[in-house]
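Analysis of the macromolecular model
Single-letter residue listing:
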Amino acid sequence: MPNFEKLNNPTEGQVITFTNGKPNIPNNPIVPFIRGDGTGVDIWPATQRVLDASILHSYGNERKINWFKVYAGDEACDKYGTYNYLPNDTIEAIQHFGVAIKGPLTTPVGGGIRSLNVALRQIFDLYSCVRPCKYYSGTPSPHKYPQDLDIIVYRENTEDIYMGIEWEEEDENCINLINYINKTAIPNSSKLKNRSLPERAGIGIKPVSKFGSQRHIRKAIEHAKRLSGDKRHVTLVHKGNIMKFTEGAFRDWGYELAVNEFRNDCITERESWILDNIQKNNQITIENNAKLIEPGFDKLTISKRDYICEEIKNTISKISKSHGNNKWKKLVLVDDRIADSIFQQIQTRPQEYSILATLNLNGDYLSDAAAAIVGGLGMAPGANIGDKAAIFEATHGTAPKHAGLNKINPGSVILSGVMMLEYFGWDKAANLITQGLSKSIEKRQVTYDLARLMEPSVEPLSCSEFAESIINNF
Ligand code: NAP
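The rules behind the values
For every chain, the first residue of the written sequence is number 1, and numbering continues from 1 along that sequence. Local features in this predicted model are restricted to residues of pLDDT 70 or higher, and side-chain atom pairs are both shown and tallied only at a pLDDT of 80 or more, whereas totals for entire chains, interfaces and linings draw on every residue. Hydrogens and water molecules were not included; the side-chain quantities draw on all heavy atoms of the structure. Each helix is a run of H or I in the DSSP string that is no shorter than four residues. Each strand is a run of E no shorter than two, and both are numbered from the N terminus. Exposure classes here rest on a 1.4 Å probe applied to the protein chains alone. A residue is buried below 20% of its type maximum, exposed above 50%, and partly exposed in between. What makes a residue near a molecule or strand is one non-hydrogen atom of that residue sitting within 4 Å of it. For this analysis, a polar contact is any N or O atom pair within 3.5 Å, provided that within protein one partner can donate a hydrogen and the other can accept it, and provided that sequence-adjacent residues contribute only side-chain to side-chain pairs. Computed with a 1.4 Å probe, the accessible areas rest on the Shrake-Rupley method; for each residue, only the protein chains presented here act as cover. Two strands form a pair only when DSSP identifies at least two bridges running between them. Should any heavy atoms of two residues lie within 4.5 Å, those residues are counted as being in contact. What counts as a salt bridge is simple: a side-chain nitrogen of Lys or Arg found within 4 Å of a carboxyl oxygen of Asp or Glu.

Some details on unusual backbone geometry
For residues besides glycine, phi is generally negative; the peptide bonds are generally trans as well. Along the chain, E455 connects to P456 via a cis peptide bond; the corresponding omega equals -5 degrees. Among the secondary structure elements, P456 is positioned in the loop between α15 (448-451) and α16 (463-472). The backbone phi angle of N406 is positive, close to 50 degrees, even though this residue is not glycine. One can find N406 in the loop between β17 (390-394) and α13 (411-424). A relative accessible area of 30% places N406 in the partly exposed class.

So, in structure tokens, the structure goes:
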């Protein structure tokens, strides 16, 4: 047990441990929680009430979460002193107890203060941020068919431009770096020769590693394996047409992982297309190949000797037995889409997608856009998962203008709690909450953000009344 400076060790409950990245959940786990700034004062009590009620309702006294209050943000400064936004006690508690849940935390813009949310993800190496976007019947939406969207954004959480390695335009290191890039790094590269950076510019670094990309995509594929039917599908989202060695490499490493590590479970879109065509055409000749080479497939190299392109030959010899005859249709399909195209695809063809594996920045944008389709930030949960810890949190921020008014929608932290219960394997309690939430929405018992969009308009419930309504609808 850690030696806390200002916290009293919990007297009841057991510690969650991890084996090979998988949690071992006791029946009475100790779970640290951070109330959060701003609307956290309203949202957290409502969330705790719903989670406890669902567990009691589902398992009686057999299972129970022992909540352990830890501090971050403004509350931490009050307890631990000015500017102590993330005290050691909190870090040690999460490290020791393994799983935590949090409300939103303020990030001051500028002034060199780091985002607490980003810091927590990096300290605990929570490399995958998981954000499901699913429609609950009756939720007002700006979209015509919001029920068609049921996706999970898997956002890489530790790399990319979000590492925050950047320099201001006036910083001497920045000026020296630009000098080095213009005078040495660019001229030394045959591909970059005639380019140069503007002499006075801020600089940010965008690192994307094979290790970081593959461990994240591995989690996404493992998740897809647990799904069924068309939902066994992972789309690698990237902007590799422009950023080849970061975003493009993310895609390439994703495919490499799929065919090397998950060979028996996965099929790539390209392989599925080849197998499908072979089945339809029976035999592929050079004429058929000509037909096979569609836009996007124009890099196939055709061997004149045996009249079959090398790639098709390889695919046939490697996987036609194991994956052919439609067997591939039951496997996890891995494909890729350019980031800008996926924004319109989730609106125009949402039913075609399931898990979207993305880099850090793309995933941030995409999950908010997807949340808007299914009812907005009030309904957008999230989890940050690593191999030794997990922190569950809403996608939205502290919404300061609504703080303390008992008005805000607690749905997204409650649904983050649902994700935590699923992570525990406590599916009965998790399902009870989603069922209660769906019924509340169908009965139009909702907070202001959803009420104002309903037609005809409806009198909103308060934050705590909404929590009670969910419980009453178990
Ligand atoms: P925000 O807190 O997400 O709020 C923006 C708007 O989103 C609100 O004014 C409200 O819109 C709507 N909204 C937010 N939470 C809602 C909820 N629970 N239910 C219904 N609607 C909700 O974004 P922000 O004002 O840009 O950021 C405030 C602070 O939060 C910043 O310091 C930011 O850095 C931080 N932040 C923290 C996290 C995190 O802790 N993970 C994430 C994002 C931002 P209406 O007023 O139109 O109803």
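Okay, back to it.
Points about the site of the ligand
Near the ligand, the surroundings consist of 23 residues, among which G397, A399, H402, N409 and Y448 are the closest. Separating an oxygen atom of the ligand from a side-chain N or O atom of K102 is a distance of 3.5 Å. The contact in question runs from a nitrogen atom of the ligand to an N or O atom on the side chain of E393, over 3.3 Å. With the chains in place, 70% of the 880 Å² that the ligand exposes on its own is no longer accessible. Elements with a contribution of two residues or more to the shell around the ligand: β17 and α15.

Description of the pairing of strand β14 (residues 332-338)
Burial runs high along β14: five of the seven residues are buried. Summarising the sheet, strand β10 (residues 233-238) and β14 pair through six bridges and their orientation is parallel. Along β14, the bridge assignment pairs H233 with L333. Pairing between strand β11 (residues 266-268) and β14: three bridges, direction parallel. Across the sheet, T268 pairs through a bridge with V334, a residue of β14.

Considerations on the environment of Y162
Locating Y162 in the fold gives a position in the loop between β7 (150-156) and β8 (166-167). Sequence separation of Y162 and T39 is 123 residues, and the distance between their C-alpha atoms is 25 Å. Filtering out sequence-adjacent residues up to four positions away, Y162 remains in contact with V118, Q122, R155, N360, L361 and D364. At 2.2 Å, the side chain of Y162 and the side chain of D364 are in polar contact.

Re the pattern of salt bridges
Enumeration according to the criterion identifies 21 salt bridges in this entry. In this structure, the salt-bridge partner of R121 is E393, at a minimum N-O distance of 2.7 Å. Placement of the pair is R121 in helix α4 (residues 116-123) and E393 in strand β17, with a sequence separation of 272 residues. The two residues R121 and E393 agree in class, both being buried.

Purely geometric stuff here, so don't read any function into it on its own.
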